[in-house]
Amino acid sequence: MPDETKRFTDSGIEIKKIYTKDDVSNSSPLEKPGEAPFTRGIQADMYRGKLWTMRQYAGFSTAEESNKRYHYLLSQGVHGLSVAFDLPTQIGYDSDHDLTDGEVGKVGVAINSIEDIKELFNGIKLEDITTSMTINATGFILLSLYVALAKQQGADLKKISGTIQNDILKEYAARGTYIYPPKPSMRIITDIFEWCGNELPKWNTISISGYHIREAGSTAVQEIAFTLSNGKAYVKAALEKGLDINVFGKRLSFFFNAHNNLFEEVAKFRAARRMWAKMMKELGATDAKAMMLRFHTQTGGSTLTAQQPLNNIARVTVQTLAAVLGGTQSLHTNGYDEAFSLPTEEAAGIALRTQQIAAYESGIADTVDPLGGSYFIESLTDEIENAAWKLIEQVDAIGGSIAAIEQGFMQNEIAHSAYEYQKKIETNEKIIVGVNKFQNKNEERIPLLKIDDSIRKLQVEKLKSLKENRDHTRVKNCLELLHTKATSGENIMPSVIDAVENYCTLGEIADELRKVFGEYK
């Protein structure tokens, strides 16, 4: 007897046994790639013109050790770098702070000063690469350090390109590495928009992130609904500052997750592009380029299993296909060992080769939006869009993203979805290979990357030397000027750049602004 059980996507959308033209709206299949609303992709020729940027997220231990990994990745064909920072760096503490014990260099590289950033990019010309930095609360400081180094290298700032994540709203909703309350945090972000618009025109000033929302347990529908709602909040804040949506809108980018439900993920990416174009048009954008949703994808960290870890290579491959078939602009593929630790060099190499095999051997890059026109994909794109708009309407009714976060709406919705998903795994309604079915009694052991606890001692010694040999009067003056600018409401970016150039540390700058803005509890 054939199985007549109903099937659903991970977002709870029912999947029919068969789809026909009656399930498809009239407009979608007639759209052209490269034209608004960009359902079929933001470029007319997509990967025939240029492959997606292959990034591998890396950063661990000291700047010197991370630099070695960057040179290895560049030698293996990576197109752009992606920097992971340790938790103290993310929340504005130098490595010698009392709260950093046991955390320095553990989940990313420790960066305290311009000396560390020099070491991180030693032998790498910033004009020749693009760099993505996964940093939020201290994103403005890391951008300032990067700019200071570019200036020391004699680079033309008009040519420097890359991205800072800089998405503080998802930190309140899903991740937790915030420092300041929402209002001053939003002010810092719009300062970055304004400064980069004038001085760093090729820099993506924000990567509005659904990735961590998904990692926290959201569905695909919630991922794009809450991410686009956050995007709307940033746009409104920039408009209130008097910035031109047709200028700053072109430098907004997004960061999404790719999970294992292949067709739902492809449809999610297509729906998100269409929704953002509509949203930006309603907010006043008239330039089509300001309506484009450009996005980076990372394969799903939460989908990786500690059981039978080599199976994760297959999972990452499926997720790679989803990202590329969905039209991503850049991609990071996870190492198979990341359920245990930061990836070893071998695991990072296999992850990169996964992208390269997809690009050069599979044929998926040969035509634009290859799944476009599929009755199933077009119908699923519509259903995901409709479900996401309903959630966005709920957020708007509360008063927008900031109010929805302050009232716990987003957090509660994500927590409920995470609970329901875990319950399905525990009842075997959702099969995870090697976890609740097809288990092995004797699990294989794999080599892991170990971070030495002596890293903190090395960083503390470097900080001590830096502080002993700098001009203390200049440091004091720089921090006082930053305090004044932050208090007056002026753009703080020039003062932060001046501070890092004069050897103020990340922790000192973050602390000076804690005095002005306070901390979010």
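Residues numbered from 1 in each chain as written. Predicted model: local features only at pLDDT ≥ 70, side-chain atom pairs only at ≥ 80, totals over all residues. Heavy atoms only, no water.

1. Some details on the nonpolar core
Core analysis: the largest hydrophobic core is formed by 135 residues, its most contacted members being Phe 121, Phe 140 and Ile 509. Phe 121 has contacts with Asn 67, Leu 81, Val 83, Leu 126, Thr 131, Tyr 146, Leu 149 and Gln 153, leaving out every residue within four places of it along the chain. Phe 60, Val 104, Ile 451 and Ile 455 belong to the second largest nonpolar core, which has 5 residues in total. (Core = buried A, V, L, I, M, F, W, Y, C linked by side-chain atoms within 4.5 Å. Buried < 20%, exposed > 50% of the residue type's maximum accessible area, 1.4 Å probe, protein only. Contact = heavy atoms within 4.5 Å.)

2. Re the sheet that holds strand S5 (residues 130-134)
Spatially, S7-S6-S5-S4-S3-S11-S10-S9-S8 is the arrangement adopted by the 9 strands of the open sheet, whose pairing is parallel. Since the sheet does not close on itself, it has two edges, and those belong to strand S7 (203-204) and strand S8 (206-209), each with one partner. Pairing of strand S3 (residues 53-58) with strand S4 (residues 80-84) involves 4 bridges; the strand directions are parallel. Bridge pairing in S4 links Arg 55 to Gly 80. Relative to the sheet, helix H10 (residues 262-282) contacts strand S9 (252-258) and strand S10 (295-299), its axis offset from that of S9 by approximately 160°. Seen against the sheet, helix H11 (residues 311-325) touches S9, S10 and strand S11 (330-332) and runs at an angle of roughly 165° to S10. (Pairing = 2+ DSSP bridges. Helix = DSSP H or I, 4+ residues; strand = E, 2+ residues; numbered from the N terminus. Axes fitted to C-alpha atoms, helices over the stretch in contact; angles between N-to-C directions.)

3. Some words on the layout of surface pockets
Considered as a void within the structure, the second largest pocket measures approximately 1,200 Å³ in volume. Every residue lining the second largest pocket is counted, 43 residues in all, and those nearest its centre are Asp 10, Tyr 421, Lys 424, Ile 425 and Lys 430. For the lining of the second largest pocket, the elements supplying multiple residues, two or more each, are strand S1 (7-8), helix H7 (211-215), helix H8 (220-240) and helix H15 (409-426). Sorting elements by how many residues they give to the lining of the second largest pocket places H15 first, with 9 residues. The residue inventory of the lining of the second largest pocket, partitioned by class, reads 13 nonpolar, 18 polar and 12 charged. (1 Å grid on protein atoms, 1.4 Å probe; cavity = no way out; pocket = protein on both sides within 12 Å on 5 of 7 lines; lining within 4 Å. Points joined across faces, edges and corners; volume = space filled by probe spheres on them. Nonpolar A, V, L, I, M, F, W, Y, C, P; charged D, E, K, R; others polar.)

4. Some thoughts on helix H13 (residues 375-398)
Compared with the 34 Å implied by 1.5 Å per residue over 24 residues, the 35 Å span of H13 between its first and last C-alpha is a close match. Of the residues trailing H13, Gly 399 is marked for its positive phi of about 125°. (Expected span 1.5 Å × (residues − 1).)

5. Observations concerning the pattern of salt bridges
Counting across every chain of the model gives 31 salt bridges. The shortest N-O distance in the salt bridge between Lys 462 and Glu 119 comes to 3.1 Å. With Lys 462 in helix H16 (residues 455-469) and Glu 119 in helix H3 (residues 114-120), this residue pair connects regions lying 343 residues apart in the sequence. Given a relative accessible area of 31%, Lys 462 falls into the partly exposed group. Where Asp 191 meets Arg 187, a salt bridge forms, and the shortest distance between an N and an O atom there is 3.1 Å. Of this pair, Asp 191 and Arg 187 both sit in helix H6 (residues 182-199), 4 residues apart, which is roughly one turn of the helix. Accessibility classification places Asp 191 together with Arg 187 in one group, the buried group. Taken together, the shared-partner salt bridges in this structure form one network comprising Arg 40, Arg 270, Asp 369 and Glu 378. (Salt bridge = Lys/Arg side-chain N within 4 Å of Asp/Glu carboxyl O.)

6. Quick word on the side chain of Thr 333
Tracing the sequence through the fold places Thr 333 in the loop between S11 and helix H12 (345-361). A polar side-chain atom of Thr 333 sits 2.7 Å from the main-chain carbonyl oxygen of Ala 351. Contacts of Thr 333, omitting those with residues within four sequence positions, involve Arg 55, Gln 56, Thr 299, Val 316, Thr 320, Ala 351, Leu 352 and Gln 355. (Polar contact = N/O pair within 3.5 Å; in protein donor to acceptor, adjacent residues only side chain to side chain.)

7. What to know about the packing of helix H17 (residues 472-488) against helix H19 (residues 506-517)
Look at H17 against H19: their axes get within 10 Å of each other, and the N-to-C directions meet at 35°. Between H17 and H19 the crossing geometry is right-handed. Between H17 and H19, the contacting residues are Val 475, Leu 479, Leu 482, His 483, Ala 486 and Thr 487 on the first element and Glu 508, Ile 509, Glu 512, Leu 513, Lys 515, Val 516 and Phe 517 on the second. Looking at the contact of H17 with H19 residue by residue, the class counts come to 8 nonpolar, 2 polar and 3 charged. (Left-handed = near helix turned anticlockwise from the far one by under 90°.)

8. Overview of the side chain of Glu 508
With respect to the helices and strands, Glu 508 occurs in helix H19. The residues touching Glu 508, leaving out its near neighbours within four places in the chain, are Asp 94, Lys 467, Arg 470, Val 475, Leu 479 and Tyr 503.

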